[in-house]
Amino acid sequence: QAQLVESGGGLVQAGGSLRLSCAASGRAFNSYAIAWFRQAPGKERTFVGRISRTGNTFYTDSMRGRLTISRDNSKNMVYLQLNSLKPEDTAIYYCASYNDGGVYDIASYDDWGQGTQVTVSS
């Protein structure tokens, strides 16, 4: 089991940037992929992007070009760089450890952090 803790959220103006972090402990960090999801108020939790154990990335089409996911296996950290933020990006952002199944499917992920709030003002 992995313990995940997100940080780095906050209030930013439209067009700004944020870098979110996901600190992992417990399970061997280089043994699983990590994904980012987000959940806006009143909406379902949706897939943002994923990074494999070896650093291959996959992003949702809706945000492609505005985000980058990276990982540092030596520090047990995953990062989500968000650029050109829009008010509709306002959400709680979660990282999760991948187990098996479709990458978009919440059920494919075992462990979740508590989330970090990102608020984008217009």
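Treat the numbers as computed from the prediction; the structure is a model and nothing was measured.

Caption draft 1: Up close: the sheet that holds strand 7 (residues 67-72). Strand order in this open sheet of four strands is 1-3-8-7, and the pairing throughout is antiparallel. Bordering the open sheet on either side are strand 1 (2-7) and strand 7, each of which pairs with just one other strand. The average angle at which neighbouring strand axes cross in this sheet is 20 degrees, direction not considered. Where strand 1 meets strand 3 (residues 18-26), six bridges bridge the pair, whose relative direction is antiparallel. Bridge pairing in strand 3 links Val 5 to Ala 23.

Caption draft 2: Up close: the side chain of Asp 89. Along the polypeptide, Asp 89 turns up in the loop between strand 8 (77-82) and strand 9 (91-98). Using a relative accessible area of 0% as the deciding quantity, one classes Asp 89 as buried. Polar side-chain contacts of Asp 89 include one of 2.7 Å to the side chain of Arg 66. Residues contacting Asp 89, with those up to four places away along its chain left out, are Arg 38, Met 63, Arg 66, Ser 84, Val 118 and Val 120.

Caption draft 3: Here's a closer look at the environment of Tyr 98. Structurally, Tyr 98 is set in strand 9. Considering only alpha carbons, one finds Tyr 98 and Ile 69, 29 residues apart in sequence, at a separation of 15 Å. Not counting residues up to four positions away in its chain, the partners in contact with Tyr 98 are Arg 27, Tyr 32, Ala 33, Arg 50, Val 103, Ser 108 and Tyr 109.

Caption draft 4: Spotlight on the packing of aromatic side chains. Scanning the entire structure with this criterion turns up ten aromatic pairs. Ring plane angle 40 degrees and centroid distance 5.9 Å describe the contact between Phe 47 and Phe 58, whose orientation is recorded as tilted. In this pair, Phe 47 sits in strand 5 (residues 45-51) while Phe 58 sits in strand 6 (residues 57-59), placing the two residues eleven residues apart along the sequence. Residue classification places Phe 47 among the buried positions, given a relative accessible area of 7%. Owing to a relative accessible area of 33%, Phe 58 belongs among the partly exposed residues under this scheme. Here the aromatic rings of Phe 58 and Tyr 104 are separated by 5.9 Å at their centres, their planes lie at 80 degrees, and the arrangement is edge-to-face. Residue Phe 58 is found in strand 6, and its partner Tyr 104 is found in the loop between strand 9 and strand 10 (109-112); the two are separated by 46 residues along the sequence. Tyr 104 sits in the partly exposed class, given a relative accessible area of 49%. An aromatic cluster is present here, built from Phe 37, Phe 47, Phe 58, Tyr 94, Tyr 98, Tyr 104, Tyr 109 and Trp 112 joined pairwise through their rings. When the ring centre of Tyr 94 is taken as reference, the NZ or CZ atom of Arg 45 above it lies at 3.6 Å. Lying over the aromatic face of Phe 29, Arg 71 brings its terminal NZ or CZ to 4.4 Å of the ring centre.

About the thresholds
- Residues numbered from 1 in each chain as written.
- Predicted model: local features only at pLDDT ≥ 70, side-chain atom pairs only at ≥ 80, totals over all residues.
- Heavy atoms only, no water.
- Pairing = 2+ DSSP bridges.
- Helix = DSSP H or I, 4+ residues; strand = E, 2+ residues; numbered from the N terminus.
- Axes fitted to C-alpha atoms, helices over the stretch in contact; angles between N-to-C directions.
- Buried < 20%, exposed > 50% of the residue type's maximum accessible area, 1.4 Å probe, protein only.
- Polar contact = N/O pair within 3.5 Å; in protein donor to acceptor, adjacent residues only side chain to side chain.
- Contact = heavy atoms within 4.5 Å.
- Phe/Tyr/Trp six-rings, centres within 6.5 Å; stacked < 30°, edge-to-face > 60°.
- Lys NZ or Arg CZ within 6 Å of the ring centre and 35° of its normal.

All we've got here are geometric facts, nothing functional implied.
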